Amino acid sequence: MGHGLRVSGPAAAAVYTLLAIAWTWPLSAGLTTDLPWDLGDSLLNCWILAWHFHQAGRILHGDLGAFADWWHPNIFHPAPYGLGQSELLVAQALQGAPVYAATGNILLTYNLLFLSSFVVSALGAFLLVRSLTRNGTAGVVAGLLYGFALYRVNQGPHLQVLSSQWFPFVLWGLHAWWQDGRLRHAWLAGGALALQNLSNGYFLIYAALWLPPYVLAQLALRGRLRDGRAWLGPVIAAAIGIVITVPFLVPYLQLRRLGQPARPMAAVVQYSADTWAWLTANDQLRLWGSHLHTFVRPEGDLFPGLIPLMLALVALGFAWAERWPGGQPTRPGLRAWLAAILALAVVGHVVAIGLALFAGPQRLHLGPLTLSITDGRRLLTGLAIALVGLLATSPRARRLLRDDPQRPVVLWVGLAAVTVWLSFGPVVHIGGRTARTWPSLYAVIYDLVPGGDGLRVPPRIAMVTALALSVLGGLAAASLLRRRHGPLVTGVLAVAFVAESWPAPVPVNLRIDPAPLRPLTEPLPPRPADHPLARALATLPPEAVILDLPLGALPYEVWWQYLSIGHWRARINGFSGDAPPTFLALAQRLEPLPDALAAGTLDEAEQAAVLTTIRAHGATHVLVHAGAWPSPAPAAALRTWLQRAGASPLSTVGATEIWRLAP
């Protein structure tokens, strides 16, 4: 009977690298010129990375003022702490700095970070499960399930969400500490925790929620709750993570101090997962994309794949087979019958909850009886009562839930279930309908957890779900590999998973429609400083402040922001995950300006008021992007308005006119 192959870390990394290249093809054919998926958030993330590199370069050249304005980039002028309007991507910047320093190509830097997120995630899950099971093949399976999880296709444009690779290394370090007690393992866990925190603000909050219960459960399973040495490793890891992370929370804390509001509850609800999201697949998936369109909405395709779910059930089945035998009297008595009834009640409630959440409210007719499965609170309360009763009456049930700390099946199943529940957000929806009888766990996070009200997309916790399923899949594979024909079955399942997660060929350089403006068609410059407009703006005085018109069209805003890598002049415009209230108010006033001027609906007083507002924001130069409009009228009206205001034209680059405002 096979027990799996001896697989080294470098060998696993090589396999995952080749798979990542194929899985994301044709990106690798254009590493220096293309970006995966659309030119929206990927361009924003390129700009964030380039800002870090720019500031670091200033410091290396002796300009220590870069420390003071690191959090105040060249967008949303004059609002401070603009970098805190999105993810900081500090860990990604540390990873990508050598590539950018050597090449100056921000697209290459981004793409290598993008590909590495798959490889390092898979390698981390491999190392974790290999250490838990002492089985290299099981580790390879776990790495496949995590590094190439279906949810990664959902998040293709979001480098910050793909960068979940450090979670497995945190756990690998902690488990090594509990095994060997070496200080380097605690340092490994702490460093990985800091890197994960600095990769994604969502994962910082989520780690603070699920890692402490995981540590507590592991110590309880090991019988070491009173062992100070066992606690020392997690405490060291937490201290390292906190000390390194806290300084990078400054922009977020300062924005709150300055009055930046929390994410509105309505926005969080809008981006929360409907329960049917877990039965909906992303269009890009070659196997499932054309079949599972159960309930389509933004960030709402969370189907984890059939193979991970099957392997999770296999892991549970093996755990039951190993832990259930024995412990019961040979002749069933009242207690045994009661335990059997309670076990049936537990199973019945679990099935009923699954039906209600993922198939909608149910009414089951059993002869003269009609069972209504609609009230979530009653179902959850009934499950809790039945489960407590079962554990109180059945030694077998207690044995079943008493995990092996090296194979914590029940713990990971519980974590997966909780993360699914959290993905539903502050208000649970089933098939597009509000399910008021179902309690929301996420609402507690939004109300009570510091920073919880700053997260907009609860379903992003699905990456932690993917980690849980990958560990369960690895544990299942380790059990299968000890059985006859286990290696063959495991190999077939691994190949089947790759097939169901396959998205290639993935889209590159997708353009977002800016209607009613003209679509952007310019090629993407790998070095924005080479773009003619960036070169022209780089000649402006360092204190120049630019306003780009038209204002507010996402494809144009993120394009101009990307080009600003080539000149770094301050800009009133900006695109990020959020925006300062002052910019939102300005945008509301300026977005209709060109059309209003062209239509003649603004009188002279209103025109003067707009100009005063622009100057109050510090604008010294206005860029009129005449090619953005399908009609020449808006640009002509802006030109006339600027001339009347005393502005002078400086130059024209392509279809863009650069105007200097009168002092």
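Quick caveat: nothing in here was measured; it's all calculated off a predicted structure.

A. Molecular detail of a nonpolar patch on the surface. Taken together, the side chains of Leu216, Leu225, Trp231 and Val235 present a nonpolar region at the surface, about 340 Å² in accessible area. Note on placement: leucine 225 falls in the loop between α11 (201-221) and α12 (228-245).

B. Region of interest: the pairing of strand β8 (residues 648-653). As defined by bridge partners, β8 adjoins strand β9 (residues 656-660) across five bridges and the pair is classed as antiparallel. In the strand pairing of β9, proline 649 is matched with tryptophan 659. Where β8 hands over to β9, the hairpin turn is made up of two residues, of which glycine 654 adopts a positive phi near 65 degrees.

C. Structural context of the pattern of salt bridges. Going through the model one piece at a time under the given rule, you end up with 13 salt bridges. The closest approach of N and O atoms between arginine 58 and aspartate 63, which form a salt bridge, is 2.9 Å. A salt bridge links glutamate 657 to arginine 639; the nearest nitrogen and oxygen atoms lie 2.6 Å apart. You can see glutamate 657 sitting in strand β9 and its partner arginine 639 sitting in helix α28 (residues 633-644), a full 18 residues away along the chain.

D. Fine view of the side chain of threonine 24. Topologically, threonine 24 is positioned in the loop between α1 (9-23) and α2 (41-60). Not counting the four nearest positions on each side in its chain, threonine 24 is found in contact with Phe114, Leu115, Phe118 and Val506.

E. Here's a closer look at the sheet that holds strand β5 (residues 545-549). Across the sheet, which stays open at both edges, the five strands sit in the order β6-β5-β7-β9-β8 with mixed pairing between neighbours. Two strands bound the open sheet, and with one partner strand each, they are β6 (570-571) and β8. The pairing of β5 with β6 spans two bridges and is classified as parallel. Within the sheet, the bridge partner assigned to valine 545 lies in β6 and is alanine 570.

F. Region of interest: the pairing of strand β7 (residues 621-625). β7 sits mainly inside the fold: five of its five residues count as buried. Neither face of β7 is exposed, since His621, Leu623 and His625 on one face and Val622 and Val624 on the opposite face are all buried. The pairing of β5 with β7 spans four bridges and is classified as parallel. Note that in β7 the partner of leucine 549 across the bridge is valine 624. As judged from the five bridges shared by β7 and β9, these two strands associate in the antiparallel manner. Bridging from a neighbouring strand, leucine 623 pairs with isoleucine 658 of β9.

G. Seen up close, the packing of α2 against helix α5 (residues 106-133). The contact between α2 and α5 brings their axes to 10 Å, and the two run at 110 degrees. Relative to α5, the element α2 lies roughly perpendicular. Taken together, the residues of α5 that come into contact with α2 (itself represented by Ser42, Asn45, Cys46, Leu49, Ala50 and Phe53) are Ile106, Leu107, Thr109, Tyr110 and Leu113. Residue composition of the contact of α2 with α5, by class: eight nonpolar, three polar and no charged.

H. View of α2. Spanning 20 residues, α2 covers 29 Å between terminal C-alpha atoms, matching the ideal 28 Å at 1.5 Å per step. When you tally the buried positions in α2, you get 15 out of 20 residues, the bulk of the element. A positive backbone phi angle near 95 degrees is found at glycine 62, which sits one or two residues after α2.

I. Representation of unusual backbone geometry in the model. With an omega of 5 degrees, the peptide bond between histidine 77 and proline 78 qualifies as cis. Cis peptide bonds are those with omega within 30 degrees of zero, and the linkage from alanine 515 to proline 516 qualifies with 10 degrees. Inspection of the secondary structure puts proline 516 in the loop between α22 (486-500) and α23 (532-537). Positive phi, close to 60 degrees, is recorded for tryptophan 37, a residue that is not glycine. Summarising the element assignment, tryptophan 37 is placed in the loop between α1 and α2. A residue is classified by how much of its surface remains accessible, and tryptophan 37, at 8% relative accessible area, is buried.

J. Representation of α1 within the structure. Taking 1.5 Å as the rise per residue, α1 with 15 residues should run 21 Å; its terminal C-alpha atoms sit 20 Å apart, in good agreement. Looking at α1, one finds that the buried residues are Gly9, Ala12, Ala13, Tyr16, Leu19, Ala20 and Trp23. Each buried residue of α1 sits inside an arc of 130 degrees when the element is viewed along its axis, so together they form one side. For α1, the exposed residues set more than 90 degrees away from the buried face come down to Pro10 and Leu18. As for α1, its buried residues are in contact with α5, α6 (136-147), α7 (151-154) and α22. Capping of α1 at its N-terminal end is provided by serine 8; its side-chain oxygen lies 3.2 Å from the backbone amide nitrogen of alanine 11.

K. Structural context of the packing of aromatic side chains. If you walk through the whole model with that rule in mind, you get 21 aromatic pairs. Centre to centre, the rings of phenylalanine 118 and phenylalanine 148 are 6.1 Å apart; their planes meet at 25 degrees, and the pair counts as stacked. Here the residue phenylalanine 118 occupies a position in helix α5, and phenylalanine 148 occupies one in the loop between α6 and α7, the gap between them amounting to 30 residues. The same class applies to phenylalanine 118 as to phenylalanine 148, namely buried. Relative to tryptophan 560, the ring of tyrosine 556 lies with its centre 5.4 Å away and its plane at 45 degrees, an arrangement referred to as tilted.

L. Looking closely at the environment of tryptophan 320. Take tryptophan 320: it is sitting in helix α15 (residues 306-323). Separated by 88 residues in the primary sequence, tryptophan 320 and leucine 232 place their C-alpha atoms 33 Å from one another. In this structure tryptophan 320 touches Pro325 and Leu400, once residues within four positions along its chain are discounted.

M. View of the packing of helix α9 (residues 167-180) against helix α10 (residues 183-197). Relative orientation of the contacting elements α9 and α10 amounts to 165 degrees, with a least axis distance of 8 Å. The angle between α9 and α10 places the two elements in the roughly antiparallel class. In terms of crossing hand, the pair formed by α9 and α10 is left-handed. Between α9, through Phe167, Phe169, Val170, Trp172, Gly173, Leu174, Ala176, Trp177 and Asp180, and α10, the contact on the second element is made entirely by Leu183, His185, Ala186, Leu188, Ala189, Ala192, Leu193 and Gln196. Within the contact of α9 with α10, the residues separate by chemical class into 13 nonpolar, three polar and one charged.

N. Structural context of the nonpolar core. Core analysis: the largest hydrophobic core is formed by 212 residues, its most contacted members being Phe148, Trp210 and Trp412. In terms of residue count, the dominant contributor to this core is α5 (17 residues).

Rules and cut-offs
- Residues numbered from 1 in each chain as written.
- Predicted model: local features only at pLDDT ≥ 70, side-chain atom pairs only at ≥ 80, totals over all residues.
- Heavy atoms only, no water.
- Patch = residues over 30% accessible without salt bridge, like charges linked within 9 Å, V, L, I, M, F, W, Y side chains within 5 Å.
- Areas by Shrake-Rupley, 256 points an atom, 1.4 Å probe, with all protein chains shown as cover.
- Salt bridge = Lys/Arg side-chain N within 4 Å of Asp/Glu carboxyl O.
- Helix = DSSP H or I, 4+ residues; strand = E, 2+ residues; numbered from the N terminus.
- Pairing = 2+ DSSP bridges.
- Contact = heavy atoms within 4.5 Å.
- Buried < 20%, exposed > 50% of the residue type's maximum accessible area, 1.4 Å probe, protein only.
- Axes fitted to C-alpha atoms, helices over the stretch in contact; angles between N-to-C directions.
- Parallel < 35°, antiparallel > 145°, perpendicular 65-115°, else oblique.
- Nonpolar A, V, L, I, M, F, W, Y, C, P; charged D, E, K, R; others polar.
- Expected span 1.5 Å × (residues − 1).
- Arc of directions from axis to C-beta.
- Polar contact = N/O pair within 3.5 Å; in protein donor to acceptor, adjacent residues only side chain to side chain.
- Phe/Tyr/Trp six-rings, centres within 6.5 Å; stacked < 30°, edge-to-face > 60°.
- Left-handed = near helix turned anticlockwise from the far one by under 90°.
- Core = buried A, V, L, I, M, F, W, Y, C linked by side-chain atoms within 4.5 Å.

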